[in-house]
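Structural characterization, general
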Amino acid sequence: MNHQTKVARRTLLRKALAASAVIPLAGIPIILRADDHRVDEAHPSAVALGYRHDAADVDTQKFPARATPEGKKQFCSNCKLYQSGSDGWGGCAIFPGKQVKGMGWCGAWISS
Ligand code: SF4
């Protein structure tokens, strides 16, 4: 085996090791991204609108409309801005690129 062949084998081995180290790490962001598309309740826009994944958790002191008999029937799933998705989550025009929970609510709720 000449010197050039040894260098080529070493380079190939190094690249294979590097690739095998990257592949398992590449899976982590995919797993973490599973919830990444959902609205973060702590995001300033969500807080400003009182958005909660569970409408029962809405602060009715700040958003009294949710405590009225009519308000208690309001959920993202029956809001005009809700775009039904899967697993009880869907899109919302207020939060582009994010999903809200069908059983959620925010102060921008609009009758459909
Ligand atoms: S606008 Fe409607 S669908 Fe969007 S978060 Fe508020 S209540 Fe839910």
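The structure contained in this document is the topic of the report that follows. Nothing here was measured: the structure is a model prediction, and the numbers come from that model. (Residues numbered from 1 in each chain as written. Predicted model: local features only at pLDDT ≥ 70, side-chain atom pairs only at ≥ 80, totals over all residues. Heavy atoms only, no water.)

1. Comments concerning the overall build of the protein
Within the protein, the regular secondary structure consists of two helices and three strands. Going residue by residue from the N terminus, the α and β elements of the protein occur as α-α-β-β-β. The proportion of buried residues among the 112 residues of the protein is 21%. Counted over contacts in the protein with a minimum sequence separation of 6, partners at least 24 positions apart contribute 54%. Surface accessibility of the protein: about 7800 Å² in total, with carbon and sulfur atoms responsible for 61%. (Helix = DSSP H or I, 4+ residues; strand = E, 2+ residues; numbered from the N terminus. Buried < 20%, exposed > 50% of the residue type's maximum accessible area, 1.4 Å probe, protein only. Contact = heavy atoms within 4.5 Å. Areas by Shrake-Rupley, 256 points an atom, 1.4 Å probe, with all protein chains shown as cover.)

2. Things to note about the site of the ligand
Around the ligand, the neighbouring residues are Y51, C76, C79, L81, Y82, C92, I94, F95, V100, C106 and W109. The residue inventory of the shell around the ligand, partitioned by class, reads eleven nonpolar, no polar and no charged. (Near = heavy atom within 4 Å. Nonpolar A, V, L, I, M, F, W, Y, C, P; charged D, E, K, R; others polar.)

3. Description of the sheet that holds strand β1 (residues 82–84)
The sheet built from three strands is open, its strands ordered β1-β2-β3 with antiparallel pairing. Either end of the sheet is taken by a strand with one partner, and the two such strands are β1 and β3 (99–101). This sheet shows a mean twist of 45° between the axes of neighbouring strands, independent of strand direction. As defined by bridge partners, strand β2 (residues 89–92) adjoins β3 across three bridges and the pair is classed as antiparallel. (Pairing = 2+ DSSP bridges. Axes fitted to C-alpha atoms, helices over the stretch in contact; angles between N-to-C directions.)

4. Some details on the pairing of β2
If a strand is regular, its side chains alternate between the two faces of the sheet. The sheet contact formed by β1 and β2 spans three bridges and is antiparallel. Paired with S84 across the strands is G90, a residue of β2. Linking two consecutive strands that pair antiparallel, namely β1 and β2, is a turn of four residues; a positive phi of about 55° is found at D87 within it. Once β2 ends, the chain turns through six residues before running back antiparallel as β3, passing G97 with a positive phi of about 80°.

5. With respect to the packing of aromatic side chains
Taken as a whole and assessed by the stated rule, the structure comprises two aromatic pairs. Taking the centre distance of 6.1 Å and the plane angle of 75° together, the rings of F63 and W105 count as edge-to-face. Here F63 is found in the loop between α2 (44–49) and β1, whereas its partner W105 is found in the segment after β3, with 42 residues between them in sequence. Against the face of F75 rests R66, its NZ or CZ located 5.0 Å from the ring centre. (Phe/Tyr/Trp six-rings, centres within 6.5 Å; stacked < 30°, edge-to-face > 60°. Lys NZ or Arg CZ within 6 Å of the ring centre and 35° of its normal.)

6. Some words on the side chain of R66
Here R66 is to be found in the loop between α2 and β1. Despite its burial, R66 pairs with no opposite charge, the nearest such side chain being D54 at 6.3 Å. Within the structure, R66 has its side chain in polar contact with the backbone oxygen of K72 (distance 3.2 Å). Setting aside chain neighbours within four positions, we find R66 in contact with A55, A56, V58, T60, G71, K72, K73, Q74, F75 and W105. (Lys, Arg positive; Asp, Glu negative; His and termini not counted. Salt bridge = Lys/Arg side-chain N within 4 Å of Asp/Glu carboxyl O. Polar contact = N/O pair within 3.5 Å; in protein donor to acceptor, adjacent residues only side chain to side chain.)

7. Structural notes on unusual backbone geometry
The residue D87 is not glycine, and still its phi comes out positive at about 55°. Note on placement: D87 falls in the loop between β1 and β2. For D87, a relative accessible area of 70% gives the class exposed.

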